[in-house]
Amino acid sequence: GAKQRGKNTYQLYMRQMSMSLQRRVEMEAHLRQAIENREFTLRYQPRVCLATNQCTGVEALLRWQSPALGLVMPSDFIPLAEETGVIVPLGAWVLREACRQSAEWLAAGGGQIRVAVNLSAGQFASPDLLDHILEALDEAHLPGDFLELELTESMVMRQPEQAARWLSSLKQTGVRLSIDDFGTGYSSLAYLTRFPIDLVKIDRSFIRDIPDSRGDAQITSAVIALGHSLGLKVIAEGAETQAQVDFLCNEGCDEVQGYFFSRPIPASEVGSFVSRRQDAVTAEKRRPATLR
Ligand code: C2E
Ligand code: MG
Ligand code: MG
Ligand code: MG
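Residues numbered from 1 in each chain as written. Chains lettered and ligands numbered in written order. Predicted model: local features only at pLDDT ≥ 70, side-chain atom pairs only at ≥ 80, totals over all residues. Heavy atoms only, no water.

Draft legend 1. The arrangement of the pattern of salt bridges in detail. Taken as a whole and judged by the stated rule, the model has 13 salt bridges. Of the charged contacts in the structure, one is a salt bridge between Arg 47 and Glu 148, with a shortest N-O distance of 2.7 Å. Here Glu 148 lies in strand β5 (residues 147-152) and Arg 47 lies in strand β1 (residues 40-49), a separation of 101 residues in the sequence. We note that Arg 47, like Glu 148, is buried. Here Asp 198 makes a salt bridge to Lys 171, at a shortest N to O gap of 2.8 Å. In this pair, Asp 198 sits in the loop between α8 (191-194) and β7 (199-202) while Lys 171 sits in helix α7 (residues 160-171), placing the two residues 27 residues apart along the sequence. Of the residues examined, Asp 198 reaches a relative accessible area of 23% and is grouped as partly exposed. The exposure class of Lys 171 is partly exposed, given its relative accessible area of 26%. Three or more residues are tied together by salt bridges with common partners; here these are Arg 47, Glu 59, Glu 148, Glu 150, Arg 176, Lys 201, Glu 237 and Glu 255. (Salt bridge = Lys/Arg side-chain N within 4 Å of Asp/Glu carboxyl O. Helix = DSSP H or I, 4+ residues; strand = E, 2+ residues; numbered from the N terminus. Buried < 20%, exposed > 50% of the residue type's maximum accessible area, 1.4 Å probe, protein only.)

The following block contains the structure:
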């Protein structure tokens, strides 16, 4: 009966909860050691410009390869890293590693590949952030405009006055600033004009059901138009199908980042992704116009 079903559900719930609690305790102990043990790596997901079909940059995405826990994804350890403060040294490592890698691509002559790094709330609240950024750029001899920092709406809106000051000092280092997961957070748009933002990234949840969902399609078109009228570049996250890319292209979206073009890949595969796209464009230009 219903009572028995309720009891089973409850037991299942308790089992899952204690498992996740145990895993959490285990994870926290490992997490503190993981930076020193060099268990973190970065994957890079390419971004493609819809007007030129070229790869304009990549987003650095953190992966934790733990000998004890296996491969752990950021959604499973970033919240814990935030709560424990590990995010500050971990975030500093991400900045240094991403800048080092970007400088390496630059030196290899593979074109200008900008690298975007996610910041988390704990990092954004840390007084050391500016130093960490300057150190990372300096150590890699990387010009600031090769680095982009991804923030979220809620991060900047928690303390808007402080964020405004903070963002203008970050901006002086030459970095570009973007708003990640746009549309899912704080519901004020005023900050887009008040803060020195360069780009918005439309959240994957709006792209997923395009073109079937009329509502999502309308929101996406409106965000593209809004971004452009404010002089911002607009990037769509999470496009997986040709139909989604066609829609975004028609609406004048600037860039797309999604599985349709590439999953996050190791640094060693980025160079060939970039040149494959260059080749594709050259081949397209060589075809007679009537066949295009
Ligand atoms: P995000 O910054 O919004 O990054 C995009 C996420 O969407 C990535 O997941 C990426 O793999 C996934 N994605 C991209 N295109 C597609 C697609 O077409 N389909 C689907 N299903 N997924 C797609 P990932 O790597 O698991 O990262 C999740 C989140 O973890 C990131 O979301 C970001 O908020 C956070 N994160 C990752 N790396 C870092 C980091 O170094 N520092 C901080 N603070 N957060 C990070
Ligand atoms: Mg991001
Ligand atoms: Mg993010
Ligand atoms: Mg996002």
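The structure having been displayed, the exposition proceeds.
Draft legend 2. The pairing of β7, seen in detail. A two-sided burial pattern is seen for β7, the buried positions comprising Leu 199 and Lys 201 on one face and Val 200 and Ile 202 on the other. Where strand β6 (residues 176-182) lies against β7, three bridges are found, and the strand directions are parallel. Its bridge partner being in β7, Phe 182 is matched across the sheet by Ile 202. Pairing geometry for β7 and strand β8 (residues 233-237), over four bridges, is parallel. Bridge assignment links Lys 201 to a residue of β8, and that residue is Ile 235. (Pairing = 2+ DSSP bridges.)

Draft legend 3. Just the packing of aromatic side chains, in detail. Counted by the stated rule, this structure contains seven aromatic pairs. Aromatic side chains Phe 40 and Phe 77 sit 5.7 Å apart centroid to centroid with 50 degrees between the ring planes, which places their arrangement in the tilted category. Linking Phe 40 in strand β1 with Phe 77 in helix α2 (residues 74-84), this pair joins segments that are 37 residues apart in sequence. Taking the relative accessible area as the measure of exposure, Phe 77 reaches 0% and is therefore buried. When the ring of Tyr 191 is compared with that of Phe 195, the centres are 6.1 Å apart and the planes differ by 45 degrees; the resulting orientation is tilted. Just as Tyr 191 is buried, Phe 195 falls in that class too. Among the aromatic residues, those joined into a cluster by ring pairs are Phe 40, Trp 64, Phe 77 and Trp 93. (Phe/Tyr/Trp six-rings, centres within 6.5 Å; stacked < 30°, edge-to-face > 60°.)

Draft legend 4. The arrangement of the site of ligand 1 in detail. Close contacts around ligand 1 come from 23 residues, with Arg 63, Asn 118, Asp 180, Glu 240 and Tyr 259 the closest. Taking Arg 204, its side chain carries an N or O atom lying 3.1 Å from a nitrogen atom of ligand 1. Within the contact set of ligand 1, an oxygen atom lies 3.2 Å away from a side-chain nitrogen or oxygen of Glu 237. Considered on its own, ligand 1 offers 800 Å² of accessible surface; in the complex 83% of this is hidden by protein. Among the elements that take part in the shell around ligand 1, strand β2 (residues 55-66) stands out by supplying four residues, more than any other. Looking at the shell around ligand 1, its residues break down into ten nonpolar, five polar and eight charged. (Near = heavy atom within 4 Å. Polar contact = N/O pair within 3.5 Å; in protein donor to acceptor, adjacent residues only side chain to side chain. Areas by Shrake-Rupley, 256 points an atom, 1.4 Å probe, with all protein chains shown as cover. Nonpolar A, V, L, I, M, F, W, Y, C, P; charged D, E, K, R; others polar.)

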